[in-house]
Amino acid sequence: MTQKLPHVHVVSTGGTIASRPVSPTQTTGYSQIALTGDDLVAGIPGIEQQVRLSTEQIFSVASSALKDADLLRLSQRVSEVLEDPDVEGVVVTHGTDTMEETAFFLNLTVRSEKPVILTGAMRPSTVLSGDGPLNLMNAILAAADPQSRGMGVMVCMNDHLLAARDVMKTSTYKVETFRCPEGGCLGFVMGGMVHYRYAPLCPHTAHSEFDVRGLAELPQVEVVYTHIGCGTEMLRAALKSGCRGIVAAGTGNGSLPPEFCKTYREWPGEKPAMVRASRVPGGFVGDYSGKRDAENGTVPGCGFSPQKSRLLLQLALTVSSDRDYLCGVFSRY
Ligand code: DAS
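Here we summarise the structure given alongside this text. Bear in mind that the values here come from a model prediction, so they are computed numbers and not experimental data. (Residues numbered from 1 in each chain as written. Predicted model: local features only at pLDDT ≥ 70, side-chain atom pairs only at ≥ 80, totals over all residues. Heavy atoms only, no water.)

## Details of the packing of aromatic side chains
Note the cut-off: Two aromatic rings, drawn from Phe, Tyr or Trp (for Trp, its six-membered ring), form a pair once their centres lie within 6.5 Å of each other, and the interplanar angle then sorts them: stacked below 30 degrees, edge-to-face above 60, tilted otherwise. Think of it this way: any DSSP run of H or I at least four residues long counts as a helix, any run of E at least two long counts as a strand, and we number them from the N terminus. Burial here depends on accessible area, computed with a 1.4 Å probe over protein chains only, as a share of the maximum for the residue type. Under 20% is buried, over 50% is exposed, and the range in between is partly exposed.
All chains considered together, the criterion is met by three aromatic pairs. Both rings, one in F104 and one in F304, keep their centres 5.4 Å apart while their planes meet at 35 degrees; by these two values the pair is tilted. Of this pair, F104 sits in helix α3 (residues 99-109) while F304 sits in the loop between β14 (298-300) and α8 (306-317), and the two are 200 residues apart along the sequence. Note on accessibility: F104 and F304 belong to one class, buried. Arranged with centres 5.2 Å apart and planes meeting at 35 degrees, the rings of F210 and Y333 form a pair that is tilted.

## Points about the site of the ligand
To keep things clear, this is the line we draw: Working definition: residue near molecule or strand if any one of its non-hydrogen atoms lies within 4 Å of it. Two N or O atoms count as a polar contact when they lie within 3.5 Å, although within protein this holds only if one can serve as hydrogen donor and the other as acceptor, and sequence-adjacent residues are included solely when both atoms are side-chain atoms. Each accessible area is a Shrake-Rupley result for a 1.4 Å probe, and residues are judged covered by the shown protein chains and nothing else. Gly counts as polar in this scheme, as do all residues outside two lists: the nonpolar Ala, Val, Leu, Ile, Met, Phe, Trp, Tyr, Cys and Pro, and the charged Asp, Glu, Lys and Arg.
Taken together, the neighbourhood of the ligand is formed by G15, T16, A62, S63, G95, T96, D97 and A121. The contact in question runs from an oxygen atom of the ligand to an N or O atom on the backbone of T16, over 2.9 Å. Protein chains bury 86% of the 260 Å² of accessible surface belonging to the ligand in isolation. For the shell around the ligand, the class distribution of residues is two nonpolar, five polar and one charged.

## Focus on the nonpolar core
Filter applied, for reference: Side-chain atoms within 4.5 Å are what join buried Ala, Val, Leu, Ile, Met, Phe, Trp, Tyr and Cys residues into a set we call a nonpolar core.
Ranked by size, the top nonpolar core spans 29 residues in total, and within it V91, I117, L136, I140 and L161 carry the most contacts. Looking at which element gives the most residues to this core, the answer is helix α4 (residues 132-144), with seven residues. In terms of nonpolar packing, the next biggest core, distinct from the first, is built from 28 residues, V212, C302, L317 and Y333 among them.

And the structure:
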């Protein structure tokens, strides 16, 4: 009896992998999102001998255009697809610019042990050395592989399998742009074989406490960047905006200018929660004085980037705005 091939569902959202430049040497400046999920899988010779594929086009956008409502819709759709016992895993094709955010959001919200793998391309698929077709093939093979179950959401780019929690785009042009500065490269795909070396420990997917099924919107959370000479205008604008949370992108160990802390501390009335993250791409943000965050009412960001802190805070605020709860979420996830 012949063995049934694993079924992987490909959800396409747009991005460079789906663009069609005017010439084989145009690696920048293309804008058209022209290729569908069907076109992308048709570009992988022989894949149908290894995997049964189905596709759907949920969005056709550059990833910088995605909104919170799109994240919710994507997460709900991926969870729904994975409920089908015939589906082994899902691949999401996505622009690279915000891939780490979508991957992290899905990692915190998709209720399944089955693999969810995001992939994309730094170069359009039809230019010289386009990286899209191999990235997509590797992502599909990883999503079809039983070893990928329970590994959480991953990004598969440039042969690496990177944990959604830690992955970060680190270069605007290199094909090896996705990295995990503090660990999180779980494995790799080589010669069509999937190899894992590490597994994530922090809660994700089926073990996450966040439930977005039936949720129509996320709490508004703003990011305020700090720097030498930083005033309090942007912070005040955020405080007045009616948002439920603010992520301060601090310096070093999430350090914030004194005036900034004072403005937040003394802001009259009910104020949004504030997470203290860092502009630095690696490391950990903790309160080593043991009292600074308690005095200011801030939550230490524990090493998440400002953009990932924003998503985690949004999800945490769907449960509670209690500061102790928020501190616990940031240290656990
Ligand atoms: N910079 C593009 C990409 O690498 C566009 C995007 O993120 O959609 O996919």
